[in-house]
Amino acid sequence: MIDPVPYKPEEEGVWPPTLFPPYTSTVKRAPRQPLVYIPQTLSEVTGPVYGHSKLAVDDHDLTKHHKGEPLGERIIVTGRVLGDDGCPVPNTLVEIWQCNAAGRYRHHGDQHDAPLDPNFSGGGRVLTDAQGNYKFITIKPGAYPWRNHQNAWRPAHIHFSLFGPAFVTRLVTQMFFPGDPLLALDPIMMSVPDPVARDRMICKFDIGLTKPEWALGYRHDIVLRGRNATPMEH
Amino acid sequence: MSKQTPSQTVGPFFHLDLPFEGGDVLVTANTKGERILLEGRVVDGDGEPLNDALIEIWQANAEGRYDHPEDAQEKQIDPEFHGWGRCPTSQDGVYRFQTVRPGPVPGPGNTLQAPHINVIVFARGMLRHLTTRVYFEGEALNADDPILARVTDTKRRETLIAKKQNGGSAVYRFDIVLQGANETVFFAA
């Protein structure tokens, strides 16, 4: 059996450490032993390519999940899912979740004193097309306080979950908005060592993507681990 | 060339989207192989259970074949088994999957990997997900598994072995200890 062609390693400075004390929840949850490096076997280069379920027509449009329109600023979020070899990742499941325009999640664990929106649940999913493109329609999430430290606020963000083609390409990340003064104060975003890599989590406003009289448009590409061109010797 | 997008925590509110009905059941009535229940508790460095973790598993079928285009083995795909599951932990930090015991799959070179289930752990407080593997107590192939061999500390290697529980059907227990004395071995590839 020929050994599988491995995916490229995690880029230096891009992946946050497991332990990052300014984000206090890492302190009791980060392993203290180093990760054990293993070769990529068939178990690592395969993965659940097609996700879990058939998608409904409006799964990607979070403004259509209830009878009425949600409150807030309607936005279009679109982009491509790529490998860091530059190849698009087609037919991969993209899942998102977010709070409403007031900064409140529809979740029993969210006790923030901001109103729920009866017309907004905050979850969506879509498959990328043959060129790796995805598109969501939603409302711009609000900022909200959390108890990480004195006067801590999360910048507005949308959570993204992606699979890619393999077990080692799995990625959960967050998308932030340009110009947000809370970004530099956010220990979750700042846990990423390389400032240039941090910027890759900020979407770009694109007037060309806005739909006149209807919604603002943001572009956001997401780059997963891609493949080495040549097989590695063991 | 494109550059990688960083990982960020799944946070405490992923229940809005990620868990789904039946995510913890990988089998149908017609799936081939030995039915097993894989269960365990996820705990932090104080031994406190995590009620906000999300566990995903990925595994080969009973013959040892992944339902994926890159698995070129001559073994058969089981149309009644994909091999992927997702389960949020309960208030007590417990996850549970109904699946089958996977068959062995090829390893590096001409080695054979013992039956194992690939595991991803997501949670608030984890800026990047952790990966580990479930092996099975009493499996003869464990002795020659090339990945288990990478864990030279035999006490730590034990954290990767699911323990068979007493009872009628095959129940395997695999606790995930994020930190501390019995810390689970986590991998990077």
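The structure under discussion appears in the preceding block.
Residues numbered from 1 in each chain as written. Chains lettered and ligands numbered in written order. Predicted model: local features only at pLDDT ≥ 70, side-chain atom pairs only at ≥ 80, totals over all residues. Heavy atoms only, no water.

### Here we look at the packing of aromatic side chains
Residues and elements named next belong to chain A.
- Using the criterion set out here, one finds 13 aromatic pairs over all chains in the structure.
- When the ring of phenylalanine 205 is compared with that of tyrosine 218, the centres are 5.7 Å apart and the planes differ by 70 degrees; the resulting orientation is edge-to-face. Of the two residues, phenylalanine 205 sits in strand β10 (residues 204-205) while tyrosine 218 sits in strand β11 (residues 216-219), which places them 13 residues apart along the sequence.
- Since its relative accessible area comes to 42%, phenylalanine 205 is described here as partly exposed. (Phe/Tyr/Trp six-rings, centres within 6.5 Å; stacked < 30°, edge-to-face > 60°. Helix = DSSP H or I, 4+ residues; strand = E, 2+ residues; numbered from the N terminus. Buried < 20%, exposed > 50% of the residue type's maximum accessible area, 1.4 Å probe, protein only.)

### Overview of the environment of phenylalanine 167 of chain A
- Mapped onto the elements of the fold, phenylalanine 167 of chain A is located in the loop between β8 (157-162) and β9 (171-176).
- It is 26 Å that separates the C-alpha atoms of phenylalanine 167 of chain A and arginine 219 of chain A, two residues lying 52 residues apart in sequence.
- Sequence-distant contacts of phenylalanine 167 of chain A, defined by excluding residues within four places in its chain, comprise Ser43, Glu44, Thr46 and Gly47 of chain A together with Trp58, Asn118, Val119, Ile120 and Thr131 of chain B. (Contact = heavy atoms within 4.5 Å.)

### Overview of the environment of proline 19 of chain B
All names here are of chain B.
- Among the secondary structure elements, proline 19 is positioned in the segment before β1 (35-43).
- A C-alpha to C-alpha distance of 21 Å links proline 19 and isoleucine 36, two positions 17 residues apart in sequence.
- Setting aside anything within four residues of it in sequence, one finds proline 19 in contact with Phe14, Leu54, Arg86 and Pro88.

### Remarks on the interface of chain B and chain A
- Between chain B and chain A, the residue contacts involve 67 residues of the former and 84 residues of the latter.
- Taken together, the two surfaces of chain B and chain A that pack against each other cover about 6800 Å², and 59% of this comes from carbon and sulfur.
- Connecting chain B to chain A are 9 salt bridges.
- Linking aspartate 46 of chain B and lysine 28 of chain A is a salt bridge whose minimum nitrogen-to-oxygen distance equals 3.1 Å. (Buried area = accessible area lost by both parts, 1.4 Å probe. Salt bridge = Lys/Arg side-chain N within 4 Å of Asp/Glu carboxyl O.)

### Let's talk about the layout of surface pockets
- In this structure, the largest pocket occupies an estimated 710 Å³ of space.
- Lining the largest pocket are 28 residues, with Gly109 and Trp146 of chain A together with Pro12, Phe13 and Arg124 of chain B sitting closest to its centre.
- At the level of secondary structure, the elements contributing two or more residues to the lining of the largest pocket comprise β6 (144-146) and β8 of chain A.
- Its residues assigned to classes, the lining of the largest pocket comprises 7 nonpolar, 16 polar and 5 charged. (1 Å grid on protein atoms, 1.4 Å probe; cavity = no way out; pocket = protein on both sides within 12 Å on 5 of 7 lines; lining within 4 Å. Points joined across faces, edges and corners; volume = space filled by probe spheres on them. Nonpolar A, V, L, I, M, F, W, Y, C, P; charged D, E, K, R; others polar.)

### Overview of empty space enclosed by the protein
- Applying the stated criterion across every chain, the model contains 6 cavities of 30 Å³ or more.
- Each pocket or cavity is described by its volume, and for the largest cavity that value is around 240 Å³.
- Top element by residues in the lining of the largest cavity is strand β8 (residues 130-136) of chain B. It accounts for 4 residues.
- Within the lining of the largest cavity, the residues separate by chemical class into 10 nonpolar, 4 polar and 6 charged.
- When its volume is computed, the second largest cavity comes out at roughly 70 Å³.
- Pro48, Phe163, Ala166, Phe167 and Arg170 of chain A together with Glu56, Ile57, Trp58, Trp84 and Ile120 of chain B are the residues that line the second largest cavity.
- Partitioning the lining of the second largest cavity into residue classes produces 8 nonpolar, no polar and 2 charged.

### A look at the pattern of salt bridges
- Across all of its chains, the model carries 22 salt bridges over all chains by this definition.
- Residue arginine 200 of chain A pairs with glutamate 11 of chain A through a salt bridge whose shortest N-O separation is 3.6 Å. A residue pair is termed long-range when its members are at least 10 positions apart, and arginine 200 of chain A in the loop between α3 (195-199) and β10 and glutamate 11 of chain A in the segment before β1 (36-37) qualify at 189 residues. The two residues arginine 200 of chain A and glutamate 11 of chain A agree in class, both being buried.
- Glutamate 44 of chain A is paired through a salt bridge with arginine 133 of chain B; the nearest N and O atoms lie 2.8 Å apart. Taken together, the positions of glutamate 44 of chain A in helix α1 (residues 42-45) and arginine 133 of chain B in strand β8 put the pair across two chains.

### Details of unusual backbone geometry
All names here are of chain A.
- Positive phi, normally seen in glycine, also occurs at asparagine 151, with a value near 60 degrees.
- Turning to its location among the elements, asparagine 151 is positioned in the loop between β6 and β7 (152-154).
- The backbone of glutamate 213 shows a phi angle near 65 degrees, a positive value even though the residue is not glycine.
- Its place among the elements puts glutamate 213 in the loop between β10 and β11.

### Points about the nonpolar core
- Ranked by size, the top nonpolar core spans 32 residues in total, and within it Phe136, Phe160, Leu162 and Phe177 of chain A carry the most contacts.
- Every element with two or more residues in this core is listed here: β2 (74-83), β3 (93-97), β5 (133-139), β8, β9 and β12 (222-224) of chain A.
- Among the nonpolar cores identified, the runner-up in size contains 29 residues, and Leu50, Ala53, Val100 and Phe174 of chain B belong to it. (Core = buried A, V, L, I, M, F, W, Y, C linked by side-chain atoms within 4.5 Å.)

By themselves, these are just geometric observations and shouldn't be taken as functional.
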